[in-house]
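Letter by letter, the chains look like this.
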Amino acid sequence: ARAEALAGRTVAEIAAELGVPLPQSFARSKGFVGELVERALALPRRMSAGPDLASLEVKTLPIGASGEPVESTFVCVAGRDVFEVPWARSVVRTKLARVLFVPVEGSHVAGPDRRIGSAFVWTPSADEDAMLARDWDDLCAHAAVGGEGESSARLGVALQVRPKGKNAAERRPRRDEEGALGSLPPRGFYLRRSFTVEIVRRAGL
């Protein structure tokens, strides 16, 4: 009900109602709209790596002028230990088991004027889950042979791993198979744009 109440409203309107100041630059504050929506939905503060709610993950979905998603969707951080479990028990699958997608106008509209769209719940079909599972296995195999430090963004039909950090200089420590200490940029799991485009189409939006 809270998500439905946001539909058609602008970021500026919601921020004013909640008493949240708007950022000077939306380009430099990419997470602002998502955090604003979570606050408007009165989501509890997350205490674990699981979904936002007991059985529901909330994701904002930037939509372009064409009505399609314009970018990949962040799922969660891709720490080394995340790859050490099968798909069925992975944090990625737990988060994607049931998702409330909240569309919002993308960067073609000035930040304060971006409108929130009609939210919808998505649960992966058997085919979608199988596709994600195949991507997971490929990404795990890539990491197992030392490919974590290499570009793996080209891997995966629906799910990909790519750098996630405030800037290109941000790094995290990592030991290679020989035990030597090195560093890597933070990485995250993302749903490919082409995958969420199909999700939106099947939702009839």
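One structure accompanies this document, and this report is about it. (Residues numbered from 1 in each chain as written. Predicted model: local features only at pLDDT ≥ 70, side-chain atom pairs only at ≥ 80, totals over all residues. Heavy atoms only, no water.)

1. A closer look at the packing of helix α2 (residues 11-18) against helix α3 (residues 32-40)
- At a closest axis distance of 10 Å, the pairing of α2 and α3 adopts a crossing angle of 55 degrees. The angle between α2 and α3 places the two elements in the oblique class. Relative to α3, the crossing made by α2 is left-handed. Together, Val 11, Ile 14, Ala 15 and Leu 18 of α2 and Phe 32, Val 33, Leu 36, Arg 39 and Ala 40 of α3 make up the contact between the two elements. (Axes fitted to C-alpha atoms, helices over the stretch in contact; angles between N-to-C directions. Helix = DSSP H or I, 4+ residues; strand = E, 2+ residues; numbered from the N terminus. Parallel < 35°, antiparallel > 145°, perpendicular 65-115°, else oblique. Left-handed = near helix turned anticlockwise from the far one by under 90°. Contact = heavy atoms within 4.5 Å.)

2. Structural notes on the sheet that holds strand β8 (residues 187-191)
- Spatially, three strands are ordered β2-β8-β5 in an open sheet, and the strand pairing comes out antiparallel. A strand with exactly one partner marks an edge of an open sheet, and here the two such strands are β2 (73-77) and β5 (159-163). Here the strands of the sheet are splayed against their neighbours by 35 degrees on average, with no regard to which way each runs.
- Pairing geometry for β5 and β8, over five bridges, is antiparallel. When the sheet's bridge partners are listed, Arg 162 is paired in β8 with Gly 188.
- Across the face of the sheet, helix α5 (residues 126-144) comes into contact with β5 and β8 while running at roughly 40 degrees to β5. (Pairing = 2+ DSSP bridges.)

3. Considering the packing of α5 against helix α6 (residues 193-202)
- At a closest axis distance of 13 Å, the pairing of α5 and α6 adopts a crossing angle of 170 degrees. As judged from the angle between their axes, α5 and α6 are roughly antiparallel. Where α5 abuts α6, its residues Glu 128, Met 131 and Leu 132 lie against Phe 195, Ile 199 and Arg 202.
- Class assignment of the residues belonging to the contact of α5 with α6 gives a composition of four nonpolar, no polar and two charged. (Nonpolar A, V, L, I, M, F, W, Y, C, P; charged D, E, K, R; others polar.)

4. What to know about the sheet that holds strand β1 (residues 57-63)
- Here we have three strands laid out as an open sheet, ordered β1-β3-β4, and mixed in their pairing. Looking at the sheet topology across the chains shown, the edges are occupied by β1 and β4 (120-122). When strand polarity is set aside, the average angle formed by the axes of neighbouring strands in this sheet is 35 degrees.
- Across seven bridges, β1 lies against strand β3 (residues 99-105) in parallel orientation.

5. Section: α2
- Among all positions of α2, only Val 11, Ile 14 and Ala 15 are buried. Summarising the axial view, the buried residues of α2 lie within an arc of 100 degrees, below the 170-degree limit, and thus occupy one face. Residues of α2 that are exposed and point more than 90 degrees away from the buried face comprise Ala 16 and Glu 17.
- On its buried face, α2 sits against α1 (2-6) and α3.
- After α2 finishes, the residue Gly 19 shows a positive phi value of roughly 70 degrees. (Buried < 20%, exposed > 50% of the residue type's maximum accessible area, 1.4 Å probe, protein only. Arc of directions from axis to C-beta.)

6. Quick notes on the packing of aromatic side chains
- Under the criterion given, the structure shown has seven aromatic pairs.
- Ring centres of Trp 87 and Trp 136 lie 5.8 Å apart, and the angle between their planes is 50 degrees; on these two criteria the pair is classed as tilted. One end of the pair, Trp 87, is in the loop between β2 and α4 (91-96); the other, Trp 136, is in helix α5, with 49 residues separating them in the sequence.
- With a centroid separation of 5.6 Å and 35 degrees between ring planes, the pair formed by Phe 101 and Phe 120 is classed as tilted. Here Phe 101, found in strand β3, pairs with Phe 120, found in strand β4; they are 19 residues apart in sequence, far enough to count as distant. Accessibility assignment for this pair places Phe 101 and Phe 120 in one class, buried.
- Each residue in the set Phe 101, Phe 120, Trp 122 and Phe 195 is aromatic and connected to the rest through ring pairs, giving one cluster.
- A cation sits over an aromatic face here: Arg 162 above Tyr 190, 3.8 Å from the ring centre. (Phe/Tyr/Trp six-rings, centres within 6.5 Å; stacked < 30°, edge-to-face > 60°. Lys NZ or Arg CZ within 6 Å of the ring centre and 35° of its normal.)

7. Considering the side chain of Thr 10
- With respect to the helices and strands, the residue Thr 10 is situated in the loop between α1 and α2.
- If we ignore the near neighbours within four places in the chain, the residues touching Thr 10 are Pro 112, Asp 113, Arg 114 and Arg 115.

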